[in-house]
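The residues making up each chain are set out below.
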Amino acid sequence: MTKELLKQVRVIDPFQKTDIVADVLIIDGYIQDVAPQITNFTTDTSVRDCRGLVIGPGLVDLYSHSGEPGFEERETLSSLLQAATAGGFTRICVLPDTLPVIDQPALVTQLQQHRNRQKVSPSLHIWGAITLDLAGKQLTEVADLTAAGIVGFTDGKPWENLGIVRRILEYLQPFGKPVAFWPCDRHLAANGMIREGAEALRLGLPPMPTSAETTAIAALLELVADIGTPVHIMRVSTARSVELIAEAKSRGVPITASTTWMHVLLDTKSMKSYHTSLHLDPPLGNYQDMLCLREGLRRGIIDAIAIDHAAYTYEEKVQAFTESPPGAIGLELALPLLWQNLVATGEFTPLELWRVLSHQPATFLQQEVKAIQPGEKAELTLFDPQQIWKVNQANLQTLSFNTPWFGEEIIGRVVQVFSENLF
């Protein structure tokens, strides 16, 4: 029997909408008691002074990329899960863009069995591909993938044929699984790598118009309103997109939306370093885009922050900016950097940040995040917002280091994750 008493920890509970300082007693993976002072405990209880520390529900990542199978030199499933644990995530969802693509039930089973052999805590949830080989022409065996236990359906890439999108929405509706789309018009986007505007001109990088995202979102919203299949909109990155989503939600269109952590933190001014880890797809927005994304999160227009962790090797990223593949790691960095830049500055409350990293993502995935109260399983993240550490190879669990913060000191680090293999 394991017994842990966390003394005077700051308890953030989005489920109950409470932010209090209390003692928390955990016995054999269950919350035994939460009280202002707990004095009734046995001598074999491990007692930790948690003054200054924060505890909340385990974080939930809606979508990230696994290098395995096919790109193990970038990231293995084991290193991905270890990075998730180090970053405070107790549930992680991987996109189907592996090699081979996750479009067969056997591969879903294989990955889940592989995960069950790992001695790390996050539960693994797998997105099933909508189309075979992500080609966008032939649908996968949706019923078989559903039976195999996929978390939902997405190809994780832009669509060009709206007729096929309509048929997909009609076909997937009876299965009741989450469906996610990344709206982007590739013809308008062309080879754009920076959001159009003054910074694009100043830096001399190929611009991407806002309309590449907004026209695709507008078309998708019309289809969802017409057909009624609930849809999640991935990778929202512009102010106008937030407006379109807000208007659709006000009409009762069944949608949810997410942005990524780096789009919430940074804007095009950050790209003056030409650091290839700032080459993202969609690209970072302008300053107003970033502010609107933050406001959209606070107001519930944007429901969640996803990490979209994308590991690449050193060789892949050490190229000219325009030649490098888009993406950056983030599982171990997101919570500390979001806390310091949003919560410590007073722009977000701790409850607002934790809600969009835990409760809201789980709700979209048709899962529960339970209240931090006696009798519930201890699926929790203990975080020290004042711990200083350096982002280097020795301190990261991920195999890759494609982040603009590599080599820098940051403030805030996950101390411990309490979690069982819940799913």
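Up top is the structure these notes are about.
Described in the following lines is the structure provided in the data block. (Residues numbered from 1 in each chain as written. Predicted model: local features only at pLDDT ≥ 70, side-chain atom pairs only at ≥ 80, totals over all residues. Heavy atoms only, no water.)

1. Observations regarding the environment of Val-224
- Within the secondary structure, Val-224 sits in helix α7 (residues 211-227).
- Taking relative accessible area as the criterion, Val-224 reaches 1% and is therefore assigned buried.
- Between the C-alpha atoms of Val-224 and Leu-365, which are 141 residues apart in sequence, the distance is 18 Å.
- Setting aside residues no more than four positions away along its own chain, Val-224 makes contact with Leu-169, Thr-229, Val-231, Val-253, Pro-254 and Ile-255. (Helix = DSSP H or I, 4+ residues; strand = E, 2+ residues; numbered from the N terminus. Buried < 20%, exposed > 50% of the residue type's maximum accessible area, 1.4 Å probe, protein only. Contact = heavy atoms within 4.5 Å.)

2. Re the sheet that holds strand β8 (residues 123-128)
- If you trace the four strands from one edge of the open sheet to the other, you get β6-β7-β8-β9, paired in parallel fashion. Either end of the sheet is taken by a strand with one partner, and the two such strands are β6 (59-64) and β9 (152-153).
- The sheet contact formed by strand β7 (residues 89-94) and β8 spans four bridges and is parallel. Directly across from Ile-92, in β8, lies its bridge partner Leu-124.
- The sheet strands contacting helix α1 (residues 77-86) are β7 and β8, and the helix crosses β7 at an angle near 140 degrees. (Pairing = 2+ DSSP bridges. Axes fitted to C-alpha atoms, helices over the stretch in contact; angles between N-to-C directions.)

3. Section: the pairing of β8
- Within β8, six of the six residues are buried, which leaves the element mostly enclosed by the surrounding structure.
- Side chains Ser-123, His-125 and Trp-127 project from β8 onto one buried face, and the interleaved Leu-124, Ile-126 and Gly-128 project onto a second face that is buried too.
- Since β8 and β9 lie parallel, the crossover through helix α3 (residues 142-148) that links them has a hand, and here it is right-handed. (Right-handed = clockwise from strand over helix to strand, strands pointing away.)

4. So, α1
- When you tally the buried positions in α1, you get seven out of ten residues, the bulk of the element.
- All of the buried residues in α1 are Leu-77, Ser-78, Ser-79, Leu-80, Leu-81, Ala-83 and Ala-84.
- Elements that come into contact with the buried residues of α1 comprise β7, α2 (105-116) and β8.
- Among the residues trailing α1, Gly-88 stands out with phi positive, at a value near 95 degrees.

5. Focus on the side chain of Thr-140
- Along the polypeptide, Thr-140 turns up in the loop between β8 and α3.
- With residues up to four places along the chain from it excluded, the contact list for Thr-140 reads Asp-103, Ala-129, Ile-130, Thr-131, Leu-132 and Leu-145.

6. A closer look at the packing of α7 against helix α8 (residues 239-250)
- In contact at an axis separation of 9 Å, α7 and α8 are set at 10 degrees when each is read in the N-to-C sense. Between α7 and α8, the angle is such that the two are roughly parallel. When you trace α7 past α8, the crossing you get is right-handed. For the pair α7 and α8, the contacting residues are Glu-213, Thr-214, Ile-217, Ala-218 and Leu-221 in the first and Arg-240, Ser-241, Leu-244, Ile-245 and Ala-248 in the second. (Parallel < 35°, antiparallel > 145°, perpendicular 65-115°, else oblique. Left-handed = near helix turned anticlockwise from the far one by under 90°.)

Don't take any of this as a statement about function, it's just geometry.
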